[in-house]
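# Per-entry structural report
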Amino acid sequence: PPPPPPPPPPPPLKQLATAGAAAASRAVGFVRRHPAECAAALAALVATDYLNLLVLLDASDPVLRVGRPVAAAGRRLVGPLGRFARRLLLRHRKKTATVAAAKWRAVAR
C-alpha cells in the first residue's frame, strides 16, 4: 500500500492571529449583548466555588476546626445582604401598591 499523504502544513501565523482576534471580538460582543446572562453565569460560578470550598472545609473540619469561623463569616456576609434585599423588595412593593391604588382611583372616578 502507498504511504499516507503528509499532514497539511500549519496555518500561517497571520491567519492564527486573525482567527484569535475574531474569536475575542465575538466573545466581547456576546458579553455586551447579554450582560445579565453573563453576570448570572459568573455569580453561579462564584457560588459553586464557595460551596465547593465549604464542602472541602466540612470534610476536613475534624482536622482543621475551621467550620464555625467560616459559617460565622458567611452569616455576617449574607445577613446584611438579605436585609438589604428585603428592604428593596418592600420599597418596590409599596411603590407598586401606591401606583396601582392611584390608577384604580382614577378609573373609579
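Just so we're clear, the structure is a prediction, and the values are computed from it rather than from any experiment.

## Focus on the overall build of the protein chain
Helix and strand counts for the protein chain come out as four helices and zero strands. Of the regular secondary structure in the protein chain, the N- to C-terminal order runs α-α-α-α. Relative to the 2.2 N^0.38 estimate, which gives 13 Å for 109 residues, the radius of gyration of the protein chain is 28 Å and therefore markedly larger than a compact globule would have. Expressed along its principal axes, the backbone C-alpha trace of the protein chain runs to roughly 90 × 60 × 30 Å. When burial is assessed residue by residue, the protein chain has 4% of its 109 residues classed as buried. Only carbon and sulfur atoms are counted for the fraction: they give 71% of the accessible area of the protein chain, which is about 10,000 Å². In the protein chain, 18 positive and 4 negative side-chain charges are present, and the distance between their average locations comes to 20 Å.

## Concerning a nonpolar patch on the surface
A contiguous nonpolar patch, built from Tyr50, Leu53 and Leu56 and spanning about 290 Å² of accessible area, is present on the exposed surface. Secondary-structure assignment places Tyr50 in helix α2 (residues 35–59).

## A few points about the confidence of the model for the protein chain
Taken over all residues, the pLDDT of the protein chain has a mean of 85, while the share at 70 or more is 94%. Averaged pLDDT values over the elements of the protein chain bottom out at 66 in helix α3 (residues 61–64) and peak at 92 in helix α1 (residues 13–33).

## Let's talk about the environment of Thr18
Along the chain, the position of Thr18 falls in helix α1. Note on Thr18: relative accessible area 49%, which makes it partly exposed. Within the structure, Thr18 has its side chain in polar contact with the backbone oxygen of Lys14 (distance 2.8 Å).

## Looking at a positive patch on the surface
Side chains of Arg83, Arg87, Arg91 and Lys95 sit close together on the surface and give a patch of like positive charge. Position of Arg91 among the secondary structure elements: in helix α4 (residues 67–108). On the accessibility criterion, Arg91 (47% relative accessible area) is partly exposed.

## Points about the environment of Thr48
Looking at where Thr48 falls in the secondary structure, it is placed in helix α2. Each C-alpha atom, one on Thr48 and one on Arg91, is 30 Å from the other, the two residues being 43 residues apart in sequence.

Criteria and cut-off values
Residues numbered from 1 in each chain as written. Predicted model: local features only at pLDDT ≥ 70, side-chain atom pairs only at ≥ 80, totals over all residues. Heavy atoms only, no water. Helix = DSSP H or I, 4+ residues; strand = E, 2+ residues; numbered from the N terminus. Rg over C-alpha atoms; globule rule 2.2 N^0.38 Å. Buried < 20%, exposed > 50% of the residue type's maximum accessible area, 1.4 Å probe, protein only. Areas by Shrake-Rupley, 256 points an atom, 1.4 Å probe, with all protein chains shown as cover. Lys, Arg positive; Asp, Glu negative; His and termini not counted. Charge placed at Lys NZ, Arg CZ, Asp CG, Glu CD. Patch = residues over 30% accessible without salt bridge, like charges linked within 9 Å, V, L, I, M, F, W, Y side chains within 5 Å. Salt bridge = Lys/Arg side-chain N within 4 Å of Asp/Glu carboxyl O. pLDDT = per-residue confidence, 0-100. Polar contact = N/O pair within 3.5 Å; in protein donor to acceptor, adjacent residues only side chain to side chain.

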